[in-house]
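Spelled out, the chains give:
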Amino acid sequence: MKKLLLLLSLCAGVFALCPVSAFAQEAAENAVKESVWEKMFPEGLLAKASQKSSAASKSTLKKLEGKFVGIYHSANWCGYCHKFTPQLIKFYKKNKKDFEVVFVSGDKTEKQMQKYAKSAKMPWLAAPFEKENGAPKASGYPCLHVLTPDGNAFTTISGANTKEKEDSRLHKDLRAKMDQWLKENAQK
């Protein structure tokens, strides 16, 4: 028995001394990044917000990798959402190289969700109807929870700014916060 324990401890020591290959380390890091989004959306996402929930795919989760992700709670019945959505679309189109949106519908039926997404011309991904799973919950409508590229809470924008033609919370403040985060995390 002592010989077996000695042999096991020697083997453990040898493996502890072996350097981890860069390939193995990168694969492990990628697996962690992917798991954040897989945990949040285990069914996957819709490639277009106007699709049926049955079209959800895990392959769409790759679009979230390395980007800030806005979890957008909105609904067709919400008047403020109709004012905020065009502003978010404008911001998204300007920033889609490092920003992605996932629409989470607050509508009563999947047909209402699809109708709203289509009429608003939402150009982004969506959670299958009633399947937001691990995504942050709405604190009212509209509600945009922005997560960092590694899936951590970053900032939240609630309600529509009806006083400004261009919502500065998106176009100025959010972009500045994203740039600051990118600058600080580029050094790590």
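The shown structure was predicted, so the numbers you read here are calculated from the model rather than taken from an experiment.

About the criteria used
Residues numbered from 1 in each chain as written. Predicted model: local features only at pLDDT ≥ 70, side-chain atom pairs only at ≥ 80, totals over all residues. Heavy atoms only, no water. Helix = DSSP H or I, 4+ residues; strand = E, 2+ residues; numbered from the N terminus. Buried < 20%, exposed > 50% of the residue type's maximum accessible area, 1.4 Å probe, protein only. Contact = heavy atoms within 4.5 Å. Salt bridge = Lys/Arg side-chain N within 4 Å of Asp/Glu carboxyl O. Core = buried A, V, L, I, M, F, W, Y, C linked by side-chain atoms within 4.5 Å. Phe/Tyr/Trp six-rings, centres within 6.5 Å; stacked < 30°, edge-to-face > 60°. Pairing = 2+ DSSP bridges. Right-handed = clockwise from strand over helix to strand, strands pointing away.

1. Focus: the overall build of the chain
Part 1 of the argument: On a plain count of helices and strands, the chain comes out with five helices and five strands.
Part 2 of the argument: Mapped in sequence order, the helices and strands of the chain form the string α-α-β-α-β-α-β-β-β-α.
Part 3 of the argument: Burial statistics for the chain: of 188 residues in total, 38% are counted as buried.
Part 4 of the argument: The contacts of the chain with a sequence gap of at least 6 include a subset with a gap of at least 24, amounting to 69%.

2. A word on the pattern of salt bridges
Part 1 of the argument: The tally for this structure, following the rule as stated, stands at three salt bridges.
Part 2 of the argument: Across the pair Arg-175 and Asp-98 runs a salt bridge, and its minimum N-O distance is 2.8 Å. Of the two residues, Arg-175 sits in helix H5 (residues 168-186) while Asp-98 sits in the loop between helix H3 (79-95) and strand S2 (99-105), which places them 77 residues apart along the sequence.
Part 3 of the argument: Residue Asp-179 pairs with Arg-175 through a salt bridge whose shortest N-O separation is 2.6 Å. In this pair, Asp-179 and Arg-175 both sit in helix H5, four residues apart, roughly one turn of the helix.
Part 4 of the argument: Of the residues examined, Asp-179 reaches a relative accessible area of 39% and is grouped as partly exposed.
Part 5 of the argument: When salt bridges with common partners are traced through the structure, they connect Asp-98, Arg-175 and Asp-179 into a single cluster.

3. Examining the nonpolar core
Part 1 of the argument: Core analysis: the biggest nonpolar cluster contains 29 residues, and Tyr-72, Leu-88, Phe-99, Phe-103 and Trp-124 have the highest contact counts within it.
Part 2 of the argument: With six residues, the single largest contributor to this core is H3.
Part 3 of the argument: Discounting chain neighbours no more than four positions away, the residues touching Phe-103 are Ala-49, Tyr-72, Ser-74, Met-113, Tyr-116, Ala-117, Met-122, Trp-124, Leu-125, Ala-126 and Ala-127.

4. A word on the packing of aromatic side chains
Part 1 of the argument: Evaluation of the coordinates by the stated rule reveals nine aromatic pairs.
Part 2 of the argument: Look at Phe-91 and Phe-99: their rings are 5.1 Å apart centre to centre, the planes differ by 80°, and that puts the pair in the edge-to-face class.
Part 3 of the argument: Overall, Phe-91 belongs to the buried group, its relative accessible area being 1%.
Part 4 of the argument: Considering the side-chain rings of Phe-103 and Tyr-116, the 6.0 Å spacing of their centres and the 65° angle between planes classify their relative orientation as edge-to-face. One end of the pair, Phe-103, is in strand S2; the other, Tyr-116, is in helix H4 (residues 110-120), with 13 residues separating them in the sequence.
Part 5 of the argument: Members of the aromatic cluster, each reached through a chain of ring pairs, are Tyr-72, Phe-84, Tyr-92, Phe-103, Tyr-116 and Trp-124.

5. Observations regarding the sheet that holds S2
Two pairing modes exist for strands in a sheet, parallel and antiparallel, and in both the strands are linked by backbone hydrogen bonds.
Part 1 of the argument: An order of S3-S2-S1-S4-S5 is seen for the five strands of this open sheet, with the pairing classed as mixed. Taken across any chain shown, the strands that pair with only one partner, and hence form the sheet edges, are strand S3 (125-126) and strand S5 (153-158).
Part 2 of the argument: Pairing between S2 and S3: two bridges, direction parallel. Its bridge partner lying in S3, Phe-103 is registered against Ala-126.

6. Here's the deal with unusual backbone geometry
Part 1 of the argument: A cis amide bond links Tyr-141 to the next residue, Pro-142, at an omega of -10°.
Part 2 of the argument: Its location among the elements puts Pro-142 in the loop between S3 and strand S4 (143-147).
Part 3 of the argument: In this structure, Lys-121 takes a positive phi of about 60° despite not being glycine.
Part 4 of the argument: By the element assignment, Lys-121 lies in the loop between H4 and S3.
Part 5 of the argument: Taking relative accessible area as the criterion, Lys-121 reaches 66% and is therefore assigned exposed.

7. Regarding the pairing of strand S1 (residues 68-74)
Part 1 of the argument: Where burial is concerned, most of S1 is hidden: seven out of the seven residues are buried.
Part 2 of the argument: Of the two faces of S1, the one lined by Phe-68, Gly-70, Tyr-72 and Ser-74 and the one lined by Val-69, Ile-71 and His-73 are each fully buried.
Part 3 of the argument: In terms of handedness, the path from S1 via H3 over to S2 forms a crossover that is right-handed.
Part 4 of the argument: As defined by bridge partners, S1 adjoins S4 across five bridges and the pair is classed as antiparallel. Paired with Ile-71 across the bridge in S4 is His-145.

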